[in-house]
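# A closer look at the structure
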Amino acid sequence: ITADRIPAAAAALARAMLDEPGGRWLFPDEDEFLEVHQHIYLATMARAMDAGRVDAWEDPFAGVALWLERPPIDEPPPADTGPSPEMPPIPEHASDRVAEADRLIQMMRRRARPDRHIYLDSIGVRPDQRRRGIASELLQVGFAWADARQLPVSLDTLDAANVAFYRRRGFEVVTSEPVAGSDLTVTSMRRSLRSG
């Protein structure tokens, strides 16, 4: 997408992710979930315009995929080249859960993706548009981009149902870890570089 479409894509992705268990564990209130996630996606998509890509399906957006190129863990990330939207303050009642999620993500990065890779930050399809192959099509576009850059693709999921979906599309489980204070498990997955 183009930069002027980021707000619409961020709103569409936040709505598409409303039933994602990890985000709902962090922010159970729907209005709070949408507000915080839309700001998160605005900031991440702004970064992706420089070091990744944002793909959308149809207009209005039925699905959105957010990809980031990540450096090796021992190399600092590239400096942001432009302003990012300001993040809303994390509500106090969610701060412990957000800190736990951040701790897990950092641990999983060290274990599962310390090298240069493409990170599938988020992919979501509106509930009324699911089972049309939109997520698979969005994945194929990102895979082609990653393969052209000669990089593997990594992701984390907190939705057990997604593990089988991603396995069918070439990902393998690298590691899993329970999320303290919940019945969730975060699973890191990786799709190896495809050549030719």
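Here's what I pulled together on the structure shown here. (Residues numbered from 1 in each chain as written. Predicted model: local features only at pLDDT ≥ 70, side-chain atom pairs only at ≥ 80, totals over all residues. Heavy atoms only, no water.)

### A short note on the side chain of T44
Structurally, T44 can be placed in helix α3 (residues 30-51). Sequence-distant contacts of T44, defined by excluding residues within four places in its chain, comprise L66, L68 and D121. (Helix = DSSP H or I, 4+ residues; strand = E, 2+ residues; numbered from the N terminus. Contact = heavy atoms within 4.5 Å.)

### A few points about the pattern of salt bridges
By the definition in use, this model includes 13 salt bridges. A salt bridge links R116 to E75; its shortest N-O distance comes to 3.1 Å. Remark: E75 occurs in the loop between β2 (63-70) and α4 (95-112) and R116 occurs in the loop between α4 and β3 (117-125); sequence separation between them is 41 residues. With relative accessibility at 33%, the residue R116 sits in the partly exposed group. Residue classification places E75 among the partly exposed residues on the basis of a relative accessible area of 36%. In this structure, R191 engages D147 in a salt bridge whose closest nitrogen and oxygen atoms are separated by 3.0 Å. (Salt bridge = Lys/Arg side-chain N within 4 Å of Asp/Glu carboxyl O. Buried < 20%, exposed > 50% of the residue type's maximum accessible area, 1.4 Å probe, protein only.)

### Quick notes on unusual backbone geometry
In this model, D59 is joined to P60 through a cis peptide bond whose omega is 10°. For P60, the position within the fold is in the loop between β1 (52-57) and β2. At E58, a residue that is not glycine, the phi angle is positive and equals roughly 65°. Within the element layout of this structure, E58 appears in the loop between β1 and β2. Classification of E58 as partly exposed rests on a relative accessible area of 41%. Residue Q150 is not a glycine yet carries a positive backbone phi of 60°. Among the secondary structure elements, Q150 is positioned in the loop between α5 (134-148) and β4 (153-157). A relative accessible area of 59% places Q150 in the exposed class.

On their own, these measurements won't tell you what the molecule is for.
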